[in-house]
Structures are given as structure tokens and as C-alpha cells.
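Listed below are the residues making up each chain.
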Protein chains: 2
Amino acid sequence: MIAPSGRATVHDVARLSGVSIKTVSRVVNGAAEVTPATREKVLAAVAQLGYVRNPVAHSLRTGVSGTVGVIVDSISDSFFAALASGIEDRLLAAGFSVLIGSTGRDPVRERGQVDRMLQQKVAGLLLVPNASDHSYLPAAAGDLPVVLIDRSADVADFDQVGVRDRDGGHAATTHLLRHGHRRIAFLGGTTRLETVANRLVGYREALAEAGIEPDPRWIRTDCDEAPDARIAVPQLLALPDPPTAIFSSNQHASTGAVSVLHRTGRTDVALVSFGDFDLAATISPAVSVIHQNPRALAETAVDRLLQRISGAGGPAERIVLPVPLIERGSGELRPAG
Amino acid sequence: MIAPSGRATVHDVARLSGVSIKTVSRVVNGAAEVTPATREKVLAAVAQLGYVRNPVAHSLRTGVSGTVGVIVDSISDSFFAALASGIEDRLLAAGFSVLIGSTGRDPVRERGQVDRMLQQKVAGLLLVPNASDHSYLPAAAGDLPVVLIDRSADVADFDQVGVRDRDGGHAATTHLLRHGHRRIAFLGGTTRLETVANRLVGYREALAEAGIEPDPRWIRTDCDEAPDARIAVPQLLALPDPPTAIFSSNQHASTGAVSVLHRTGRTDVALVSFGDFDLAATISPAVSVIHQNPRALAETAVDRLLQRISGAGGPAERIVLPVPLIERGSGELRPAG
DNA sequence: CTGAAAGCGCTAACAG
DNA sequence: CTGTTAGCGCTTTCAG
């Protein structure tokens, strides 16, 4: 007969096993100095009562909990959803619970989420920071382990794991150049996000290496969402000397671009997307992508956070993951004529 | 000068405002019986110290927290991601934090997530139950508010909010029949999930009303994921008298079906998808869907949970949301010939 | 209307 | 190696 979890307390276990509550605590927490015999007795009582440590009391006493806070732009966005999912899997395996929050890219909401999680005494924080002032973070976090994901904040004190944005932008653009394109458009969101800015730098560098000075009208940094791209792409294609290829630097712009290209029968326009998306591999032509692997990002970030939580120190580190180019067809199209 | 949140305690506030900690507690919790004058003094001290109630201590003392547990099949699945996102938005607005967990449709993992959340003393639980035994739930949950989402469990004690699965299946099939189809395939996952089973019932009923006895081979209940559908659809189309239309009862099967239809040039096959998905509206032909609105589901479920948390009783209720049919093209294709 | 004291369940000193 | 005592920050009898 197992009692409902969480009902029995250390006192119950102590009484049943005939030891003091401290000894119970020691056994439960795996402290070394307990006689095997006593340990057995306690463990038997624990099993019999179905005793589970009350995490709330534990947290109040120790000041930390078995919960990690995760803060992303949006939970429904496929990239962040995959990221959050990877994080949850790995944290669960390590015995942690996940407190989740979204910012909607609103700095005020982000701040609120951070504060809320700090109050909950999370054991660590995984944060995708917005493009905004983060000077509050070091003081707010104190010595709480924090790992920044994807983007970095404007403070240097934290571990950060991201991807080679600039390399990805460079590789995508070079790939299109190699397939004969000279007029290549850039689609992306606000360059206030360093990731976007870096992808744009990679694009510019690749063009410069090919001796190409991009027409400013090719560069659209107003495409944060799919509908933006559905407006931008037709405008690009209506230019006097229209681009024959597009490097889309985020998945939303990519899906917008794909949909409008398909709808207008312009599937001859080459396309490389930074970030994979649903159906990218199966529409025709399939979309070539720079693969920003959210699960790898998740695992790397969690592992780093767990290191920190377990006290492994060292200075703040910046881990940068490579982003392979996956050829699927759309990026290998050659310009007409 | 505001102190870092969470630092000051009731004692600090009491000392500064010259009252007892109990009075501070009363003011902070909005209890009625405090003199306006004292209240002002306390509030001033609270503001000055940047006092924020320690939720952990509060939770230990009261037995509940300001956190709600949310358990879904998968965080990365677009439907559940949208659902979780809607839940988070609405709970945040109500001042609650969100503890999230996924089950991967594994009953053991589900049980573990539920237990973990109960231990954390969540204020309520939002659960998408798997097709499995839930007899443990009533005892485990005790009087904790629980709202089931999308699917119901095999126990009757809980509120549940879902959609009209059978109506949706019926409407989708009838829609295809009206456009001249007689041979309509059903694509779906395991009928152990009541939602799938009900959609299938709707499909069968609609066919029966049209005097059609479906060929058993038209009915594929082995399509839980996109790749399954990519295998099933070509097999369906290779039948002697192949279906001219498909009712796909989940988004994954739908994306799989779409991709294989496009790749094989069979975009003449009519398709209605239960559940919307990315790009459904913008590929060609655009995919007609039965719209299973995850945000509406989220809001309804959260509202019901908040009612329960605030003590509004009443017997367990089953709330069923309608699912409109959105015509986009693929569902209005007529059979060839 | 307000305060003193007890205790939620746990862990950390400090003795024994 | 083990037990006693105190206290994390909060709410809550029960007096005043």
C-alpha cells in the first residue's frame, strides 16, 4: 500500500524507521556518513510510506529548486518550439522541471518573465534575449547560472550558445553565386538582432568577394514575418534588373517567399533559407537551407547550464555551432537565360 | 533606490513601517481589515524596499503556488505548440507561471510529469491525456483543479474541453461528397485516440448517408506522422478503383499527403485536412481545412481552470468547440472525368 | 483593528 | 556516525 506521493514527511519516515529526521534527510540526499544498516532501515520506511521530498520546502530551505526557467520569443514559433522541446527533453532527463515563458520580443515582458523566474528560485535560466538593454541582468541574476541562447545580450558575463550566423550568410550567398547568380536579394527582419545583422554581413562579404556591389533595393530588412515577405518578393521581382536568387535569412520570410513564388509561378527564382521549416523538403522545388539545428542548440545550452549548476566554473564562454548547407533543389537553380 | 526583487522580507517591511509582520501580510494579500492609514504606511515601505512576496515560502505555508502545470504530447508539434502558447499567454495575464512538460504519448512519462507537478504544488493542471489508463488521476489529484484538453480521460471526474471531432469528420466528408466524390479515403493515426475514432465515425456516417459503403482499404489508421502518409497515399492511389479524394484527420498526415501529391504531380486529388498547418493556405491548390483552433481551446481551458482555482464549483463539465470548414481550393476539386 | 507565537517540511550548525 | 535545535519566509490561530 503506497501512500499518495508527497503525503509523508521526514517525521513520518523518522518515526517509522526509529531514527532522527536529520538522518532521514541525510539518506534521502545521499550524504555519505550513514551506516549501511541505518540507511537500509530508512530506505525501507521511505518505500513503505511512498515518501517523496517536498520540493517546495526543500527550495525554501536551500534557496534553489529543481526547476529551470526557459524564456523564448514565442512558444508557437516552430524554431523556438523545437528549441524548447529539446530543452525540456534534456532537462527532464537530468531531473529538472521546466518553467516556461515567452517574451513576444517585448523587452518589458522579458524583464517580467526573468523577475518572475528569479522569484521562483529557479536553479538556472535559459534565455533567448531580445534586442534590448540587458544591463539589469547581472545584478538581477546574481550568481544564478544563466545561459543565453541564439542571441547574446549586451553584457559579457554570461555563457552563450549560438550559431555561425555570418558563416551561414556567407555560405548561402556563395552557393548562389556559384550557381551563376549575380543579382541576389537578401530577405530578413530587423538588423537590431545581431543574428540578422551577422547573416547580412556574411551576405555582403560573399558578394564583395565576387566583386559585386549589391543594389540597396535588393536588401530587405523589413521581413520579420511571412506576410512581409509576400509583399517584398513581388516588389523585388518587379525591379528593372530583378534578382534571380534570394537568400532568406529567417524561416518566416522563407515561407512567405515560397508561398508567393509558388502562387505567381515564379519557381524559377533560386532560394536559400536560413532555418529549416515544415514542408521545405517536400515542396517542389524543395528548399535548400542553412540548417540551424534547434535540438543541437538546446542540448549544448542545457549541458552548459547543468555544468554551471553543478558548480563547474570557468569564465563565461561563447559556444558557436556550425550551420551546414543542405542542398535540396531551390538553391541550385541557375538563372534563366 | 529599489532593492533587487525578492530580497526584502515581511520583517524588513514591518520594521520600516513600524507594524507587525502580520499586518504586512494582510496588506500584501489585500485582506480587508486594515486601517487606510496603516495600509498606506505599509505600502510605502513595500515600494521603498521593492518587497516582493517570496512565492516559495508562500507556497510552503499555503500548500498551493502561483504556478499551473501544462502537459501536452509534444512541445514542438505545431498544434500543441500553439496550444501551449495560448495557455501561457492567458495564464500570464492572470498572474500565473507555467510549468510545462511533454509526454511523447508515453503513459509512463505522462504519469511522471503529473506526479512531478503535483509535488511542486501547482495551483492547477492542464492535461492532454494519452490513450491509456487514468484511474490513478482522481486519487493523485485529490481536489486539485484539473482540466483535460482535446481528449478526455477514462475517468469522469474532470472538466474537459475538446472539439466536435465527429461533426468535423462528417462535415469534411460531406463536403467532398457534395463536390462529386464517391471514393473518399480516410487518413489518420491510431483509433485508440478517441478524437481519431470520432473523426472516423463522422466520416463513416457521412458516407452511409450517401449510401456508400467504404472499401476497407480506403481507411488508413496507420498515419500518425507525415512519413506514414507519404507511404499510404501512393498505395491508395494505386488501388484498382483509387479514391479521388482524401480526408486527412490530422495535420501530420496532411503534410505528408500534400508533399507526396505534389511530388507525384497528383494535385488533382481532392483533400480536406482536419487541423490547419503552415503553408496550407499558400501552396497551390491551397488546402481546405477543418479548423481546430488551438487558441480557442487554450482560452476556454484556462478560463475553466481559473474558475475552478477560484473555487467556482459545479459538476465536471464537458465543453465542446465547433470546428469550421475553411474552403481554400483542395477540398473543392471535382473528380476527373 | 493589530500583535505574539507557532509551524508548513526541510536542511544546517553544532554537539554528543 | 547520529540527534537536537534553530530557522528559511510566510500565514494563521488566538489574544489583546
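Residues numbered from 1 in each chain as written. Chains lettered and ligands numbered in written order. Predicted model: local features only at pLDDT ≥ 70, side-chain atom pairs only at ≥ 80, totals over all residues. Heavy atoms only, no water.

Labelled according to an unreviewed UniProt entry, chain A appears under the name LacI family DNA-binding transcriptional regulator, originating from Nakamurella alba.

Peer 1: Kindly report on the protein's contact with DNA strand C, identifying the contributing residues and their values.
Peer 2: Contacts to DNA strand C come from 24 residues, most closely from Val 10, Tyr 51 and Arg 61 of chain A together with Thr 23 and Thr 38 of chain B. Asn 54 of chain A is positioned with one of its backbone polar atoms (N or O) 3.1 Å from a phosphate oxygen of DNA strand C. Here a base nitrogen of DNA strand C and a side-chain polar atom of Arg 26 of chain B are 3.3 Å apart. Mapped onto the surface near DNA strand C, the elements with two or more residues apiece are helix H2 (21-28) and helix H4 (55-62) of chain A together with helix H2 (21-28) and helix H4 (55-62) of chain B. Looking at the surface near DNA strand C, the element that brings in the most residues is H4 of chain A, giving four residues. Classifying every residue of the surface near DNA strand C by side-chain character gives seven nonpolar, 10 polar and seven charged. (Near = heavy atom within 4 Å. Polar contact = N/O pair within 3.5 Å; in protein donor to acceptor, adjacent residues only side chain to side chain. Helix = DSSP H or I, 4+ residues; strand = E, 2+ residues; numbered from the N terminus. Nonpolar A, V, L, I, M, F, W, Y, C, P; charged D, E, K, R; others polar.)

Peer 1: I'd love a proper account of the interface of chain B and chain A, names of residues and values included.
Peer 2: Taken together, the 43 residues of chain B in the interface contact 43 residues of chain A. When chain B packs against chain A, close to 3900 Å² is buried across both sides, 60% of that on carbon and sulfur atoms. Ranking the residues of chain B by area buried against chain A places Val 56, Gln 119 and Leu 279 of chain B at the top, with a combined share of 15%. At the junction of chain B and chain A, the tally comes to four salt bridges. Between Arg 109 of chain B and Asp 89 of chain A there is a salt bridge; the shortest N-O distance is 3.0 Å. (Contact = heavy atoms within 4.5 Å. Buried area = accessible area lost by both parts, 1.4 Å probe. Salt bridge = Lys/Arg side-chain N within 4 Å of Asp/Glu carboxyl O.)

Peer 1: Which residues make up the relation of the copies chain B and chain A, and what are the values?
Peer 2: Under the fitted operation, chain B is carried onto chain A by 0.0 Å of movement along the axis and a turn of 180 degrees, and the coordinates agree to an RMSD of 0.1 Å. As the rotation angle and translation indicate, the two copies are arranged about a two-fold axis. If distances are taken from each C-alpha of chain B to the rotation axis, the shortest is found for Leu 99 of chain B, at 2.2 Å. When the interface residues of chain B are mapped onto chain A, 100% of them again fall at the interface, so both copies present the same face. (Least-squares fit on C-alpha atoms with pLDDT ≥ 70 in both.)

Peer 1: Can you lay out the sheet that holds strand S6 (residues 184-187) of chain A for me, pointing to particular residues and giving the numbers?
Peer 2: By way of backbone hydrogen bonds, the strands of a sheet pair with one another, either parallel or antiparallel. Residue and element names in this part refer to chain A. Pairing within the open sheet is mixed, and its six strands lie in the order S7-S6-S8-S9-S10-S12. What marks the edges here is a single partner per strand, and that holds for strand S7 (219-220) and strand S12 (325-326). Examined bridge by bridge, strand S10 (residues 288-290) and S12 share two bridges and lie antiparallel to one another. Bridge pairing in S12 links Ile 290 to Leu 325. Against the sheet, helix H8 (residues 165-178) engages S6, strand S8 (245-248), strand S9 (270-274), S10 and S12, with an angle of about 170 degrees to S9. (Pairing = 2+ DSSP bridges. Axes fitted to C-alpha atoms, helices over the stretch in contact; angles between N-to-C directions.)

Peer 1: Help me get a handle on the nonpolar core, residues and values and all.
Peer 2: Grouped together as the largest cluster of nonpolar side chains are 141 residues, with contacts concentrated most on Leu 126 and Leu 187 of chain A together with Leu 126 and Leu 187 of chain B. In contact with Leu 126 of chain A, other than residues within four places in its own chain, are Val 68, Gly 69, Val 70, Ile 71, Ile 87, Leu 91, Val 147, Ile 149, Ala 301, Val 302 and Leu 305 of chain A. Residues Leu 127 of chain A together with Leu 118, Leu 137 and Ala 141 of chain B belong to the second largest nonpolar core, which totals 34 residues. (Core = buried A, V, L, I, M, F, W, Y, C linked by side-chain atoms within 4.5 Å. Buried < 20%, exposed > 50% of the residue type's maximum accessible area, 1.4 Å probe, protein only.)

Peer 1: Got a sec to walk through the pattern of salt bridges? Specific residues and values, please.
Peer 2: Scanning all chains against the criterion turns up 40 salt bridges over all chains. In this structure, Arg 111 of chain A and Asp 115 of chain A form a salt bridge, with 3.6 Å as the shortest nitrogen-oxygen distance. Of this pair, Arg 111 of chain A and Asp 115 of chain A are both found in helix H6 (residues 107-119), four residues apart, which corresponds to roughly one turn of the helix. Residue classification places Asp 115 of chain A among the buried residues on the basis of a relative accessible area of 16%. The shortest N-O distance in the salt bridge between Arg 90 of chain B and Asp 303 of chain B comes to 2.7 Å.

Peer 1: Account for the domain arrangement of chain A, naming residues and giving values.
Peer 2: As a measure of interface size, the accessible area lost when the parts come together is often cited. Parsing chain A into structural domains produces domain 1 (10-53), domain 2 (65-163 + 294-321) and domain 3 (165-292). Computed from C-alpha coordinates alone, the two centres of domain 1 of chain A and domain 3 of chain A are separated by 62 Å. (Domains from an automatic or database assignment.)

Peer 1: Quick rundown of the pairing of strand S1 (residues 67-72) of chain A? Include the residues and the values.
Peer 2: Residue and element names in this part refer to chain A. Within S1, six of the six residues are buried, which leaves it mostly tucked inside the rest of the structure. Side chains of S1 alternate between two faces, with Thr 67, Gly 69 and Ile 71 and Val 68, Val 70 and Val 72 buried alike. The pairing of S1 with strand S2 (residues 97-102) spans six bridges and is parallel. Residue pairing for S2: Ile 71 is matched across the bridge by Gly 101. In this region the chain leaves S1, passes through helix H5 (residues 78-93) and returns to the parallel neighbour S2; the handedness of that crossover is right-handed. Strand direction decides the pairing type here: S1 and strand S3 (residues 124-127), joined by four bridges, are parallel. Directly across from Gly 69, in S3, lies its bridge partner Leu 125. (Right-handed = clockwise from strand over helix to strand, strands pointing away.)

Peer 1: Tell me about unusual backbone geometry, and name the residues and values.
Peer 2: Residues and elements named next belong to chain A. Each neighbour pair has its own omega, and for Ser 284 with Pro 285 the value is -5 degrees, a cis peptide bond. You will see that Lys 121, though not glycine, has its phi angle at about 60 degrees, which is positive. Turning to its location among the elements, Lys 121 is positioned in the loop between H6 and S3.

Peer 1: I'd like a rundown of helix H8 (residues 165-178) of chain B, residues and numbers included.
Peer 2: All names here are of chain B. With 14 residues, H8 should reach 20 Å at 1.5 Å per residue; the first-to-last C-alpha distance of 20 Å fits that figure. Burial in H8 covers these residues: Asp 165, Gly 168, Gly 169, Ala 172, Thr 173, Thr 174, His 175, Leu 176 and Leu 177. Two residues or fewer past H8, Gly 180 is found with a positive phi of approximately 95 degrees. (Expected span 1.5 Å × (residues − 1).)

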